[in-house]
Amino acid sequence: MVKSLRGLKLFASLWLVGLLGTLLVSCGSEAVTPTAAPPTIAATSVPLQPSPAPTTVATTAPATVAARGFSSVTPVEPTSTPDLPAPTTTIAATSPTIASAPLKPSPVATTVAFSGDRALGHVKELAGNIGIRAAGTDGDRKAADYIENYFKQLGLNTERPAVAFTATRDNGSLLTYVAGNGQSNTIKGDAVNFSGSGKLEAPLVYGGLGLDGQIPTDSMKGKIALIQRGQITFTEKVTNALAAGATGVIIYNNTDGPLNSATLQKQANIPVIGISQKDGEALKEEVKANKNFSVQLTVEIGSKTYNFTNVVAQRPASNGLQNAPVIIFGGHYDSVPAGPGANDNASGTAVVMELARVFQNQYPQYELRFIAFGGEEIGLAGSNDYVKKLSQAERQRIVAMVNIDMISVGRSFYIGGVQELTKPALAAATTEGAGEVNLMSSALLASSDSYSFSEAGIPVLFFNRPDDPNYHKPGDTVDKVQSESLAVVGRIVTKVIDELVKS
C-alpha cells in the first residue's frame, strides 16, 4: 500500500526506468549462450543455395576415389604424396535449407598423375619375380593372375576370357650350302609361324626387301627367295615371292641376332624360315658371286595348341548406357621363351596397368577398357581372338585402341596408327622428350596387337621402341627399364586422350 503521493511518484519513476532498460536490451546484440549443439541457420526470405565449389565431406577413413557406376578404390601402394588434392570446401549440413536439397557430386573428375615408379614396380613383378611368360606356361598364368588381381583392387569389372590357339611348331629347320671356297655350311633357322613344311634344293635368288619390283619375276620361278626384313610385313614379302614363283623363302634379320618368333598372318604352303643378319649377308654375297648358287632348305612343321587367357578390365561410363563410346588401352603380357621380356612387353603392360589407376575416374562419358593380351608372341593370338568375338555394333563403339609394346629401351620412338590419333601423339612425344620421334612403317604396324584391331576397321594408335639390342633375348631384363621412360609414355597417352575427348 502507498503511504503518500510523493512515495507513489517515486515508485512510478523507478518502474519506468526498469521498463526502458528492458527495451534497450531487446533491441541490441543477441547474447550467446554456450551450447554443445551447432548453431542453426534461421530461414530468411532469401533461400540459402549450395556452394558451387567442389564439396568435400570430412571422414576419418583413408581417402578413396569413387567413380559413378563402380566401387571406390583405395591406392594399392602408399605414397608420400597423396593422389587426391587437398579439400577446398567443407560444408556441415546443419542448415534445414541445405539438408532438404542434398548436394550433387561434382561432374569434374579428380586428376591423378601417372607414376613411373608405380609402373616400374609392375615391371619388376612381371619380368623379375615371375620371369619368362611364354604362352601357356606357368609363368604366363602367374602373370595373368597378378594383373587380374591388380585390376580388381582398382574396383574395375574384370574377366579372364580363355583362348585356345593352335600354331605351327618348328620341329627342325636347317639351311645347308657349299660356299664358293668349297666349305660346307649349316645354318640353324627358325620356322616362321604358319610356314609350310618341306625339303627342297634350289638356286637362291636375292629379292631385296621383297617389295613389288624388287623380286625378279623373270628368274624366280622354282627357286628360293632370299629377302631382308623391313618396310613391309612378313606376309607381304612371302605373298610377293609366291606371286613371282618362289618355292621357298628365307628372311634374314635387319638387326644383329637371329630372326625368331616371326609370324605370318595366314598359312603358307611353302617353307619359310628366319635367319640372322650375319648369315643373311653371307648368303647375299654368295649369290652375288655365283648366279647359280644353290641351297638346301629343310623345314619340319608340327602343331601345338596353346591355352592362355586375356585379362580384360572395364570401367563403365558414368551414365550406365550400354552404347557409350569405348576407348581401349592394351599391351601383351606374354614373353618369348628365350627371356623374361622386361621391355617386351612387361614395360607396355605396366603402363596399361598404371593408366587404369590414373584413368579410373576420368572421362566419365566413355567406357574404358584396359586389356593385357596373351599369346602375342605366337601370332597376335590373344588380340585376334578378342576382336573376332566382338559384335559389329561393339566394334563401331570403339573410338580408339591404344597399343603399348616395347616402350622403355632405345632412343628411337615410333608412333603409328590413324592420323586423328598420331597427330596429337607426335606433338606430345616431342614436348615430352620421347627421343627421336618417327612414324611407323607398315611392317612395324603389323607386328603387334593393334594390327588385329586395325584389320577390323577400328582406329588404332601404337607406341613402340624397336631398337632394343636385347629384343627376344635373355638379356631383356628389368635393369634395362627406367621409370622415366614409362612415365613419358603415360604422359603422352594422357595428352592424346585429353585431345580425343575434347574433339
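## A word on the overall build of the chain
Moving on, step 1. Scanning the chain for helices and strands turns up 13 helices and 16 strands.
Moving on, step 2. Long-range pairs, those at least 24 residues apart, make up 77% of the contacts in the chain with a sequence separation of at least 6.
Moving on, step 3. Working note: accessible area of the chain is about 24,800 Å², and carbon and sulfur atoms make up 55% of it.

## Digging into helix H5 (residues 234-243)
An α-helical turn contains 3.6 residues, so a residue and the one three or four places further along point in the same direction.
Moving on, step 1. Three or more residues of H5 are buried, namely Phe234, Thr235, Lys237, Val238, Asn240 and Ala241.
Moving on, step 2. Its buried side turned inward, H5 meets strand E6 (224-228), strand E7 (248-252) and strand E8 (272-275).
Moving on, step 3. At the exit of H5 stands Gly245, carrying a positive phi of roughly 100°.

## Describing the packing of helix H3 (residues 116-130) against helix H7 (residues 342-359)
Moving on, step 1. Look at H3 against H7: their axes get within 8 Å of each other, and the N-to-C directions meet at 135°. Taken together, the axes of H3 and H7 are oblique relative to one another. For H3 against H7, the interelement crossing comes out right-handed. Across the interface between the two elements, Arg118, Ala119, His122, Val123, Leu126 and Ala127 from H3 touch Ala342, Ala346, Ser347, Thr349, Ala350, Met353, Glu354 and Arg357 from H7.
Moving on, step 2. Looking at the contact of H3 with H7 residue by residue, the classes come out as eight nonpolar, three polar and three charged.

## Side note on H7
Moving on, step 1. A rise of 1.5 Å per residue sets the reference length of H7, with its 18 residues, at 26 Å; its end C-alpha atoms lie 24 Å apart and thus fit the reference within 8%.
Moving on, step 2. Counting buried residues along H7, 18 of its 18 residues qualify, which places the element largely inside the surrounding structure.

## Let's talk about the sheet that holds strand E12 (residues 367-373)
Moving on, step 1. If you walk across this open sheet you meet the eight strands as E1-E10-E12-E11-E13-E16-E14-E15, and the pairing is mixed. Of all the strands in the sheet, just strand E1 (157-159) and strand E15 (436-439) have a single pairing partner and so form its edges. Strand after strand, the sheet turns through a mean of 15° between neighbouring axes, direction not considered.
Moving on, step 2. Bridge count for strand E14 (residues 412-417) against strand E16 (residues 460-464) is four bridges, and the pairing is antiparallel. When the bridges of E16 are listed, Gly416 appears paired with Phe462.
Moving on, step 3. This element, H7, spans strand E10 (311-315), strand E11 (326-332), E12 and strand E13 (398-404) of the sheet and lies at about 150° to E11.

## Thoughts on the sheet that holds strand E5 (residues 198-206)
Moving on, step 1. If you walk across this open sheet you meet the eight strands as E3-E2-E9-E5-E6-E7-E8-E4, and the pairing is mixed. If you trace the sheet from one side to the other, it starts and ends with strand E3 (184-188) and strand E4 (190-191), each paired once.
Moving on, step 2. Relative to strand E9 (residues 294-309), E5 runs antiparallel, the two being bridged by six bridges. Across the sheet, the residue bridging to Pro203 is Ser294, located in E9.

## Concerning the confidence of the model for the chain
Moving on, step 1. Looking at the chain, pLDDT values average 82 and 78% of them are 70 or higher.
Moving on, step 2. For residues 1-108, every residue scores under 50 in pLDDT, and the model assigns this stretch 64 contacts once sequence neighbours within four places are set aside.

## Considering the environment of Ile378
Moving on, step 1. Tracing the sequence through the fold places Ile378 in the loop between E12 and helix H8 (381-388).
Moving on, step 2. Accessibility expressed as a relative area gives 13% for Ile378, which makes it buried.
Moving on, step 3. Placed 185 residues apart in sequence, Ile378 and Asn193 show a C-alpha to C-alpha distance of 7.3 Å.
Moving on, step 4. Contacts of Ile378, omitting those with residues within four sequence positions, involve Ala135, Phe165, Ala167, Asn193, Thr263, Tyr306 and Phe308.

## Side note on the pairing of strand E2 (residues 162-178)
Moving on, step 1. Here E2 runs beside E9; their pairing, made up of 13 bridges, is antiparallel. When the bridges of E9 are listed, Leu174 appears paired with Thr298.
Moving on, step 2. Here E2 runs beside E3; their pairing, made up of five bridges, is antiparallel. Paired with Val178 across the strands is Ser184, a residue of E3.
Moving on, step 3. Connecting the antiparallel pair E2 and E3 is a turn made up of five residues, with Gly182 showing a positive phi of about 90°.

## Some words on the nonpolar core
Moving on, step 1. Judged by nonpolar contacts, the single largest core of 59 residues is most densely connected at Phe329, Phe370 and Phe463.
Moving on, step 2. With sequence-adjacent residues up to four places away left out, Phe329 is seen in contact with Val352, Leu355, Phe359, Leu368, Arg369, Phe370, Ile371, Val402, Val493 and Ile497.
Moving on, step 3. Val163, Ala167, Val192 and Phe194 belong to the second largest nonpolar core, which has 28 residues in total.

## A short note on the pattern of salt bridges
Moving on, step 1. Within the structure shown, the criterion is met by 14 salt bridges.
Moving on, step 2. A salt bridge links Glu367 to Arg369; its shortest N-O distance comes to 2.6 Å.
Moving on, step 3. Since its relative accessible area comes to 6%, Glu367 is described here as buried.
Moving on, step 4. A relative accessible area of 6% places Arg369 in the buried class.
Moving on, step 5. Ionic pairing is found between Asp385 and Lys389, a salt bridge with its closest N-O pair at 3.0 Å.
Moving on, step 6. Note on Asp385: relative accessible area 12%, which makes it buried.
Moving on, step 7. Residue Lys389 is classed as exposed on the basis of its relative accessible area of 53%.
Moving on, step 8. The network of salt bridges with common partners includes Asp145, Glu148, Lys152 and Arg160.

Conventions used here
Residues numbered from 1 in each chain as written. Predicted model: local features only at pLDDT ≥ 70, side-chain atom pairs only at ≥ 80, totals over all residues. Heavy atoms only, no water. Helix = DSSP H or I, 4+ residues; strand = E, 2+ residues; numbered from the N terminus. Contact = heavy atoms within 4.5 Å. Areas by Shrake-Rupley, 256 points an atom, 1.4 Å probe, with all protein chains shown as cover. Buried < 20%, exposed > 50% of the residue type's maximum accessible area, 1.4 Å probe, protein only. Axes fitted to C-alpha atoms, helices over the stretch in contact; angles between N-to-C directions. Parallel < 35°, antiparallel > 145°, perpendicular 65-115°, else oblique. Left-handed = near helix turned anticlockwise from the far one by under 90°. Nonpolar A, V, L, I, M, F, W, Y, C, P; charged D, E, K, R; others polar. Expected span 1.5 Å × (residues − 1). Pairing = 2+ DSSP bridges. pLDDT = per-residue confidence, 0-100. Core = buried A, V, L, I, M, F, W, Y, C linked by side-chain atoms within 4.5 Å. Salt bridge = Lys/Arg side-chain N within 4 Å of Asp/Glu carboxyl O.

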